[in-house]
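# Notes for the structure review
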There are 2 protein chains.
Amino acid sequence: MNQRIESAKHDLAQSTGAPAGSSAARSWTTKRDEKRRRLAAIEPWLEDGILPAHRIVDALETLIRPGDRVALEGDNQKQADFLSRSFAKVDPQKVHDVHLLISSISRPEHLTLFERNIAHKVDFAFAGPQSLRVAQLLEDGQLEIGAIYTYVELYARMFVDLTPNVALLCAEKADRHGNLYTGPNTEDTPTIAEAAAFRHGIVIVQVNEIVDELPRVDIPASWIDVVVEADRPFAVEPLFTRDPRHIGDLQVLTAMMVIKGIYEPYGVTSLNHGIGFDTAAIELLLPTYGESLGLKGKICRNWTLNPHPTLIPAIESGWVESVHCFGSEVGMEGYVEARPDVFFTGSDGTLRSNRVLCQLAGQYGVDLFIGSTLQIDGDANSSTVTRGRLAGFGGAPNMGHDPRGRRHSSEAWLKLLKDEGPVSRGKKLVVQLAETYKKGGEPTFVDELDAVAVGAKSGMPIAPVMIYGDDVSHVVTEEGIAHLHKAEGVEERRAAVAAVAGVTPIGLRAKPEKTAELRRRGIVAYPEDLGIRRGEAKRSLLAARSIDDLVTWSGGLYTPPARFRSW
Amino acid sequence: MNQRIESAKHDLAQSTGAPAGSSAARSWTTKRDEKRRRLAAIEPWLEDGILPAHRIVDALETLIRPGDRVALEGDNQKQADFLSRSFAKVDPQKVHDVHLLISSISRPEHLTLFERNIAHKVDFAFAGPQSLRVAQLLEDGQLEIGAIYTYVELYARMFVDLTPNVALLCAEKADRHGNLYTGPNTEDTPTIAEAAAFRHGIVIVQVNEIVDELPRVDIPASWIDVVVEADRPFAVEPLFTRDPRHIGDLQVLTAMMVIKGIYEPYGVTSLNHGIGFDTAAIELLLPTYGESLGLKGKICRNWTLNPHPTLIPAIESGWVESVHCFGSEVGMEGYVEARPDVFFTGSDGTLRSNRVLCQLAGQYGVDLFIGSTLQIDGDANSSTVTRGRLAGFGGAPNMGHDPRGRRHSSEAWLKLLKDEGPVSRGKKLVVQLAETYKKGGEPTFVDELDAVAVGAKSGMPIAPVMIYGDDVSHVVTEEGIAHLHKAEGVEERRAAVAAVAGVTPIGLRAKPEKTAELRRRGIVAYPEDLGIRRGEAKRSLLAARSIDDLVTWSGGLYTPPARFRSW
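How each quantity is defined
Residues numbered from 1 in each chain as written. Chains lettered and ligands numbered in written order. Predicted model: local features only at pLDDT ≥ 70, side-chain atom pairs only at ≥ 80, totals over all residues. Heavy atoms only, no water. Contact = heavy atoms within 4.5 Å. Buried area = accessible area lost by both parts, 1.4 Å probe. Salt bridge = Lys/Arg side-chain N within 4 Å of Asp/Glu carboxyl O. Polar contact = N/O pair within 3.5 Å; in protein donor to acceptor, adjacent residues only side chain to side chain. Nonpolar A, V, L, I, M, F, W, Y, C, P; charged D, E, K, R; others polar. Least-squares fit on C-alpha atoms with pLDDT ≥ 70 in both. Phe/Tyr/Trp six-rings, centres within 6.5 Å; stacked < 30°, edge-to-face > 60°. Buried < 20%, exposed > 50% of the residue type's maximum accessible area, 1.4 Å probe, protein only. Lys NZ or Arg CZ within 6 Å of the ring centre and 35° of its normal. Helix = DSSP H or I, 4+ residues; strand = E, 2+ residues; numbered from the N terminus. Domains from an automatic or database assignment. Arc of directions from axis to C-beta. 1 Å grid on protein atoms, 1.4 Å probe; cavity = no way out; pocket = protein on both sides within 12 Å on 5 of 7 lines; lining within 4 Å. Points joined across faces, edges and corners; volume = space filled by probe spheres on them. Pairing = 2+ DSSP bridges.

### Describing the interface of chain B and chain A
Tallying the contact residues gives 120 residues for chain B and 120 residues for chain A. Taken together, both faces of the contact between chain B and chain A bury some 9,700 Å²; the carbon and sulfur share is 59%. Among the residues of chain B in contact with chain A, B:Trp28, B:Asp341 and B:Arg407 are the three that bury the most area, contributing 9% of the side total. At the junction of chain B with chain A, the criterion picks out 10 salt bridges. Linking chain B to chain A there are 42 residue pairs in polar contact (both at pLDDT 80 or more). Here the residues of the side of chain B that touches chain A sort into 52 nonpolar, 38 polar and 30 charged.

### Focus: the relation of the copies chain B and chain A
You can overlay chain B on chain A at an RMSD of 0.0 Å; the transform is a turn of 180 degrees with a shift of 0.0 Å along its axis. The relationship between the two copies is best expressed as a two-fold rotation axis. Residues of chain B ranked by C-alpha distance from the rotation axis are headed by B:Pro220, positioned 3.0 Å from it. Take the interface residues of chain B: 100% of them recur as interface residues in chain A, which is what a same-surface contact looks like.

### Some words on the packing of aromatic side chains
Within the structure shown, the criterion is met by 6 aromatic pairs over all chains. Plain terms: the ring middles of B:Tyr335 and B:Phe343 are 6.5 Å apart, the flat faces sit at 80 degrees to each other, and that makes the pair edge-to-face. Since its relative accessible area comes to 0%, B:Tyr335 is described here as buried. By relative accessible area, B:Phe343 is classed as buried at 1%. The side chain of A:Arg425 reaches across the aromatic face of B:Tyr468, ending 3.5 Å from its centre. One cation-aromatic arrangement involves B:Arg355 over B:Tyr151; the distance from NZ or CZ to the ring centre is 5.1 Å.

### Regarding the pattern of salt bridges
Inspection of the entire model under this criterion finds 85 salt bridges over all chains. The residue A:Glu34 makes a salt bridge to A:Arg38 at a minimum N-O spacing of 2.7 Å. Taken together, the residues A:Glu34 and A:Arg38, both in helix H2 (residues 30–42) and 4 residues apart, mark about one turn of the helix. Across the salt bridge formed by B:Glu491 and B:Arg494, the nearest N and O atoms sit 3.2 Å from each other. Placement of both B:Glu491 and B:Arg494 in helix H17 (residues 489–499) is noted, with a separation of 3 residues, approximately one turn of the helix. Relative accessible area serves as the criterion here: at 56%, B:Glu491 is assigned to the exposed category. Take B:Arg494: its relative accessible area is 35%, and that puts it in the partly exposed class.

### A look at the domain arrangement of chain A
Residues and elements named next belong to chain A. Each domain of chain A was delimited in the assignment, giving domain 1 (41–236) and domain 2 (244–550). Distance from the C-alpha centre of domain 1 to the C-alpha centre of domain 2: 33 Å. Interface of domain 1 and domain 2: buried area, both sides summed, is about 2,400 Å²; carbon and sulfur atoms make up 54% of it. Among the residues domain 1 hides against domain 2, the three largest losses belong to Ile-148, Pro-184 and Arg-216. Together they make up 24% of the total. Scanning the region where domain 1 abuts domain 2 turns up 4 salt bridges.

### Remarks on helix H6 (residues 131–139) of chain A
Residue and element names in this part refer to chain A. When we look at burial in H6, the residues that qualify are Ser-131, Val-134 and Leu-137. Seen along its axis, H6 keeps its buried residues to an arc of 120 degrees; they face one direction. Set apart from the buried face of H6 by more than 90 degrees, the exposed residues are Leu-132 and Glu-139. Looking at the buried residues of H6, the elements they touch are helix H5 (108–115) and strand E5 (144–148). With its phi angle positive at about 75 degrees, Gly-141 sits one or two positions after the end of H6.

### Focus on the environment of A:Leu100
Structurally, the position occupied by A:Leu100 is in strand E3 (residues 98–104). Each residue touching A:Leu100, except ones within four places of it in the same chain, is listed here: A:Val70, A:Leu72, A:Phe87, A:Leu113, A:Phe114, A:Lys121, A:Val122 and A:Asp123.

### Structural notes on empty space enclosed by the protein
Tallying each qualifying case throughout the model produces 4 cavities of 30 Å³ or more. Lining the largest cavity are 22 residues, and of these A:Pro190, A:Glu194, A:Asn354, B:Pro190 and B:Glu194 sit closest to its centre. Residue assignment for the lining of the largest cavity shows that the elements contributing at least two residues are helix H8 (189–197) and helix H13 (355–365) of chain A together with helix H8 (189–197) and helix H13 (355–365) of chain B. Classifying every residue of the lining of the largest cavity gives 12 nonpolar, 4 polar and 6 charged. The volume enclosed by the second largest cavity comes to roughly 130 Å³. If you trace the second largest cavity, you find 14 residues lining it, with A:Leu360, A:Gln363, A:Tyr364, B:Leu360 and B:Gln363 closest to the centre. Those elements giving two or more residues to the lining of the second largest cavity turn out to be H13 of chain A together with H13 of chain B. In terms of residue class, the lining of the second largest cavity is made up of 8 nonpolar, 6 polar and no charged.

### Examining the sheet that holds strand E12 (residues 270–273) of chain B
Residue and element names in this part refer to chain B. The strand order E14-E13-E12-E15-E18-E20-E21-E22 describes an open sheet built from 8 strands, whose pairing is mixed. Strands at the two margins of the open sheet, each flanked by one partner only, are strand E14 (322–324) and strand E22 (524–525). Here strand E13 (residues 302–304) pairs with E14 via 3 bridges, running parallel. Counted as the bridge partner of Thr-304 is His-324 from E14.

Below you can see the structure in the form of structure tokens.
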């Protein structure tokens, strides 16, 4: 800091009584300087600006320092697995106490980082298949959880107090300048890159291939520090493929009720579907049952969701105007590329997904979220935590709530307006789908969510509830629809939940006379109230009944992963 | 569509009964084809890939078709004014019935578009200085409002059902490939560009300058179709500059209460300040009053806000770890560039702002929003609409609500947890600041918000409320703090609001014995309850008392716009 400033500050302190000079010796470029210092140390290893793959462990040992916050791309789908495998090989004497920021703990080596004492603390959004190991490491004191988030919450904090010192990302291709092509699986890469690159974090990217010219640029080279060609293409999971073979008659019935009892009367044109067989059934009924109701063009036009293969028949039948995607889906690349009127695609023809923007669209721009759940309590709180383990939140809570920062109206949103005086407002439709009993014979409707016990056992400050009951507008089971937003008061709300909870303990509390009243008042609707005969609800109504059917509908453009073809 | 697909579909229809062939003759590339067709028509006018400025009106007449949705950058701060001025000159015989998507209707020519019948429908977020003309055009039937939004809601719909056919954007520089440098005012450009570019919209960008090499790339050329050099640099307003001269003793008192009564006990480390003299006072008290309380490092470390000049003393005194910005602020560029440890800056050294990501950070990543308002009712609903006109929402509602999609905990957030059984959760601190009476002698606390009448008069489906009372945790006036989240039930909540509403009609309803009880229970706190003597609250406590002081604190790095220097 130069003399002139110091002198000016001193004068100011004299004249205003303000403290001055407290930062006299402070440098304001410590982060930038440190980044330059670290990058200079690996400079000799670069060949034509690219880091040779065999140098990656050395480079990580040089670029990551003890105590660093490291963002590892661990997205919902794609995985920077060359970087995570390499990171797990660094010398813990050199790199330790790392604070890992990761959307999805989904690969074994993510936890090897903790077993080898390279990382110690973690902030994450989803642990899925690794959740048992997370619990074990937590108990053994080898892993400390900062907090458990939804995806976008974790990114939000990357722009506040959890800015990454180093980001380990992945893309399909890079050119020799370091420009990146993410291809259809853009997902979270631009967001994490932005958080790191603009706060002097070091951005390291693995690519499948280095080319002279990119099909398009998804992320500019100005944001990228190190590019390395991976030993093999990045790992990515087909998480959004549901084989129609596994959709049963009960799911067809529920889907019919949703279309006739919710989508039609509320005029739902823009929406987000969670992933599950229930919602897949709805997608597959649009071109058949939906068509027979004359609803084409009136409902389900604009979507925010991954490219679900089960949406193909509705797209081919002309139901779908647009789909904006959080990520991509393995096998759907060619189909998406051939349907640019529907999907967001780039000048090169392939999908551009973007989780943060799709979450924004799903939160503020659509009128309905619908998703399946595994447990619901009498107040319609729900959770997918049922196996005594901590799986995390993913993205559903951001879609499955009434966004209180919304100020624009729409037809569907206004239908949930309850007149509470001059300051009233509409609501988002948040629909929870569930069968009253799960396959194993366990009731779905319970007095207390397993999440309460799991949260307490894991030392979480609050129970890991996925969707809160007071955000839920509708619960739909094979028994019927509960229009919770129409209920007056807590007790009536509970009676409406009970009325569709079948013979579960919650359902057995329903009083027949109250249920009859709720049906009269349109708060509860059973299939017969909607003019749906249970006998009609057959798998044969599905527009596609197998993965093969989906491939046929797509004209061979959809190429399912082997595991789905072998069934 | 080729024979093989048609034949496959036919087979499927036979076997599944699914309707097939309904889209037999359908092209799936209509949008892309139309874009190519329009761009080909202006191809002959391009010189070395750049559109000469004198051709801009011709180009807009060619690239925009009647009925198109056109996104015009009209941000909160920067304006694509060369493009908007040129757009207003097109022949309405050629271009009419345009549906305008614009964040901020802030320039006269934005409405000339409607007067000249070029545009007819508009979706917008803020109309500020042009709001009277908007109301007039609405009454005359020359303008139709789709809806009024917050900024991010409008962008959300650009990824759903309001994808732009054409986007008119602005940047500082472009290179000859079409890569863009937005400089410190990135704001909304990448978001709107992404919405248009990846759904076959035509992206037209005005730049101040075309250069051989950019300082950094903010948006890749792959997303941009037409670059034109503007006749003069884009317009941008210094909206976040508050001259400390206008901060009075009452605002100092309120600011002291906020620091001692909220920031300290709740442990508020991450936050967003609205723009106003009240919050400027807080910023200017941190290095003086805050320091005397020993709070440095304990509160107010991580910020999401534009680079407020009044934050300079706190930054210089070492209070601030990070600031992520929605946009920039005129005159702050050099200061920000010299403080890269604090601000998000690029490899070129200048600020990278991003409204959508800062909104994400402010919604999910920080624990407190505080903002001034002009009117509050007895339930703590508030609005800045008080002059009988429709100004819109801007960004405050997205910050000023409890984000129900949040799942991670923090110390401050958990302090608002009310034990309501096993499914309880924390809350965001949402603080509304107001003086009980406005300058003109009008009460701030009213029985019914003016917004209710304005909404009804303008035919809005619901009243344009800025912040809803049930989201507000605290109301602070010169009288004291109402901790609304601690109140039990609606009536007690109202009593707490009344207790700080002074001698307004609402305040006069306060019952002394109830107020005394609320103070005992810590639900209401008056200055004396916090150990603050009203006589202490003097302007002399401000770390800077003029724009000149701010310049001095910055060591001359802050260069205020002329209008502030002349005062």
